[in-house]
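# Architecture at a glance
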Amino acid sequence: GMRASRLLFLALVLGALALTVAEDEGSAAVGDEEHEETVTEVLEETVADIKETITTSEHPIDDLQLKYGKHVKKMVTGGLLGFVVGKIVKHTALSVLKVAFFGGISFAVAISMGWIGKDPYDVANQMWETSIDYTNKLEKMADLNRNGVLDLGDVKVLWRRVERVLLKGNLPTSFGAIVGTCTGFFV
């Protein structure tokens, strides 16, 4: 209940802080080759830094505010804007989806009943062929590692791309906006 929601909120805040720190630190070199930092590494480093600051500092709250204050402000701003956008999209999208759904059903019924001058069999075949074409195109687009099969490798490539964007963009605002939009849309 309430305890689980508090733990989830704490995890989100720590994760957001970790990701926002990555914006300033960038990639670290390991040996002769460049090592791209992952979200997990950034999270672990940030948690360790927060823990160290709390245990070693004479004024841990002030030090934490100094280190992470600007990131938290950006994240909160992005979160508030994202929440508003999420609410607007939720209400607008549901209305548009209802209209599109009922309009599509009405059109399909009109065609199948012969109320519109096309042969229902031909229309159904054409719709089926179009859906097969779009499915094939979507599968080709989703095959990110270009091996001809949609599998876990494609998910890993997608995650790595998302991770790079998260670690290099205007992360605090973006992360806050993502969390805020999801909250606004699903709550």
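Residues numbered from 1 in each chain as written. Predicted model: local features only at pLDDT ≥ 70, side-chain atom pairs only at ≥ 80, totals over all residues. Heavy atoms only, no water.

### A short note on the overall build of the protein chain
- Along the backbone of the protein chain there are 6 helices and 2 strands.
- Relative to its 187 residues, the protein chain shows a buried fraction of 22%.
- Nonlocal contacts in the protein chain, meaning residues at least 24 apart in sequence, comprise 60% of its contacts between residues at least 6 apart. (Helix = DSSP H or I, 4+ residues; strand = E, 2+ residues; numbered from the N terminus. Buried < 20%, exposed > 50% of the residue type's maximum accessible area, 1.4 Å probe, protein only. Contact = heavy atoms within 4.5 Å.)

### Some points on unusual backbone geometry
- Despite not being glycine, R146 has its phi angle at roughly 55°, a positive value.
- Assignment of secondary structure puts R146 in the loop between α4 (120–142) and α5 (152–168).

### Side note on the pattern of salt bridges
- Across all of its chains, the model carries 1 salt bridge by this definition.
- Between K67 and D49 there is a salt bridge whose closest N-O contact spans 3.0 Å. Placement of K67 in helix α3 (residues 60–112) and of D49 in helix α2 (residues 39–56) is noted, with a sequence separation of 18 residues between them. (Salt bridge = Lys/Arg side-chain N within 4 Å of Asp/Glu carboxyl O.)

### Let's talk about the confidence of the model for the protein chain
- With 74% of its residues at a pLDDT of 70 or more, the protein chain shows a mean pLDDT of 75.
- Mean pLDDT across the secondary structure elements of the protein chain bottoms out at strand β1 (residues 28–30), with 43, and peaks at α2, with 84.
- In the model, residues 25–32 has pLDDT below 50 throughout and makes 11 contacts with residues more than four positions away in sequence or in other chains. (pLDDT = per-residue confidence, 0-100.)

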